[in-house]
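Now for the letters of each chain:
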Amino acid sequence: MKNVLLHGGMAYVDGVFAVADIVVRDGIIADVIPAVSVTDEVSCGEYSEIVDCSGKYIVPGFADVHVHLREPGFSYKETIRSGTEAAAAGGYTTVLAMPNLSPAPDCMENLALQLEAIERDACIDVLPYGCITVGEKGQTLADMAALAPHVAGFSDDGKGVQSREMMLEAMRIAKALDKPIAAHCEDESLLHGGYIHDGRYAREHGHKGICSESEWGPIARDIEMVRETGCRYHVCHVSAKESVEIIRKAKQEGLPVTCETGPHYLTLCDDDLQEDGRFKMNPPLRSGEDMKALLEGILDGTIDCIATDHAPHAAEEKSKGLAGSVMGIVGLETAFPVLYTKLVREQKLLTLERLIELMSVAPRRIFSLGGGRIEKDAPADIVVLDCEESYTIDPESFRSMGRSTPFTGMKVYGRCVRNLRAERNSAE
């Protein structure tokens, strides 16, 4: 990819869309030519390729701060290659990889294995998390100081840190290292074998439920420690209405608290459950009231960004219904079309500009990732979206090795048709 002209598209510049030509040279945005200078016909001239973007949107590549790439240790579920190809197809140019791996990145020796695989196989930018505790077992703190220069932050995602004292010490260290804690908030003492939301569907169908307090209780506990330490604290996959309110009050207090939720929590609730493993994730789909609270949190800024919690599994692991299947669904290839179709096009709750903020700009700001802007001399981590293309979600077409999604068969609008970051890596 040498000299490319993205011609006549609606470019997202300084938070708004305007018709522009984007000139890309050797992976860098060489020029942004405003509408007044855009002509109907462009000569090939010095460009190796001219891409007609009329009727399409040119946006900063999405950044997902919560994905599971499964390598090393679980390559039968996903690999860095397949996971980043799925991300690129979904419009992502940066992803942050969770540490529930084998070996877990709790020291530099283990992290080095992951970094080598990323360097070798990733087709977009991947930044890992380091563990909070050794092996994510909650007993001993990981070597956070050694890991810090190489990771986006610290997390024991997949397991909540059960010990208050352990989390308090981790926050003190993270504060000194100027790194965020990305917390999987789950009080295991309140689970009681549950695997879907403790709501109407669970009661009517004889399933064991997970109460919302198992999520919001640890959030409330941790925010007390944020108040004490000043640590940057990011709440993963918020699903409950009480969690939204607790985080809202923490933000009003001025605490350094941010959070994410997932596309499935914003568009589905336990009324949509089916007896199928593709509806099983952690935290679970909660009630319609919880979904409404999450949408309100998006609208008023309490919820900072949207992350997929992309969690691929082998087909057999997801084939045992709600009770027997493992938790986790894929999301990198469905996030934008589902959110655009449901929240922008149909419900008109969000503008496309706001959706780009939630999926690209805000995640980069929270984790100091850079990018997220279309401007001269910036890296061309940009994608082209066709928001008029409609299709039916078919997991058999996924680049991901995972196929389990609750959105199978859904008619959607919006597809990433060019990903310049992935193309640049492929050319190098």
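Residues numbered from 1 in each chain as written. Predicted model: local features only at pLDDT ≥ 70, side-chain atom pairs only at ≥ 80, totals over all residues. Heavy atoms only, no water.

1. Some details on the packing of helix α4 (residues 164-177) against helix α6 (residues 213-229)
Phase 1: Put simply, α4 and α6 touch, their axes get as near as 10 Å, and they point 40 degrees apart. On the basis of the axis angle, α4 is oblique to α6. Every pair of crossing elements has a handedness; the one defined by α4 and α6 is right-handed. Between α4, through Arg-164, Met-167, Leu-168, Met-171, Arg-172 and Lys-175, and α6, the contact on the second element is made entirely by Arg-221, Asp-222, Glu-224, Met-225, Val-226, Glu-228 and Thr-229.
Phase 2: Its residues assigned to classes, the contact of α4 with α6 comprises five nonpolar, one polar and seven charged. (Axes fitted to C-alpha atoms, helices over the stretch in contact; angles between N-to-C directions. Helix = DSSP H or I, 4+ residues; strand = E, 2+ residues; numbered from the N terminus. Parallel < 35°, antiparallel > 145°, perpendicular 65-115°, else oblique. Left-handed = near helix turned anticlockwise from the far one by under 90°. Contact = heavy atoms within 4.5 Å. Nonpolar A, V, L, I, M, F, W, Y, C, P; charged D, E, K, R; others polar.)

2. Considering the sheet that holds strand β13 (residues 257-261)
Phase 1: Strand order in the open sheet formed by four strands is β9-β12-β13-β14, and the pairing between neighbours is parallel. The open sheet has two edge strands with one neighbour each: β9 (181-183) and β14 (305-306).
Phase 2: Packing of α6 onto the sheet brings it into contact with β9, β12 (233-235) and β13, and relative to β12 it is tilted by some 170 degrees. (Pairing = 2+ DSSP bridges.)

3. Looking at the environment of Gln-162
Phase 1: Secondary-structure assignment places Gln-162 in the loop between α3 (144-147) and α4.
Phase 2: For Gln-162, a relative accessible area of 36% corresponds to the partly exposed category.
Phase 3: Linking Gln-162 and Gln-139, residues 23 residues apart in sequence, is a C-alpha distance of 9.4 Å.
Phase 4: Beyond its immediate sequence surroundings of up to four residues, Gln-162 is in contact with Glu-186, Asp-187, Glu-188 and Arg-221.
Phase 5: One polar contact links the side chain of Gln-162 to the main-chain carbonyl oxygen of Gly-160, over a distance of 2.8 Å.
Phase 6: In terms of polar contacts, Gln-162 uses its side chain to reach the backbone amide nitrogen of Glu-188, at 3.0 Å. (Buried < 20%, exposed > 50% of the residue type's maximum accessible area, 1.4 Å probe, protein only. Polar contact = N/O pair within 3.5 Å; in protein donor to acceptor, adjacent residues only side chain to side chain.)

4. Notes on the sheet that holds strand β6 (residues 62-67)
Phase 1: One open sheet accounts for three strands, arranged β6-β7-β8; its pairing is parallel. Pairing within the sheet leaves two strands with one partner each, and these edge strands are β6 and β8 (125-128). Along the sheet, successive strands turn relative to each other by an average axial angle of 20 degrees, direction set aside.

5. Considerations on unusual backbone geometry
Phase 1: A cis geometry characterises the amide bond from Ser-102 onward to Pro-103, with omega recorded as 0 degrees.
Phase 2: Position of Pro-103 relative to the elements: it lies in the loop between β7 (92-97) and α2 (108-121).
Phase 3: Between Asn-282 and the following residue, Pro-283, the backbone shows a cis peptide bond with an omega angle of 0 degrees.
Phase 4: Despite not being glycine, Arg-70 shows a phi value in the positive range, around 70 degrees.
Phase 5: Within the fold, Arg-70 resides in the loop between β6 and α1 (80-89).
Phase 6: In this structure, Glu-136 is a non-glycine residue whose phi angle is positive, near 55 degrees.
Phase 7: Position of Glu-136 relative to the elements: it lies in the loop between β8 and α3.
Phase 8: Among the residues examined, Glu-136 registers a relative accessible area of 7% and is labelled buried.

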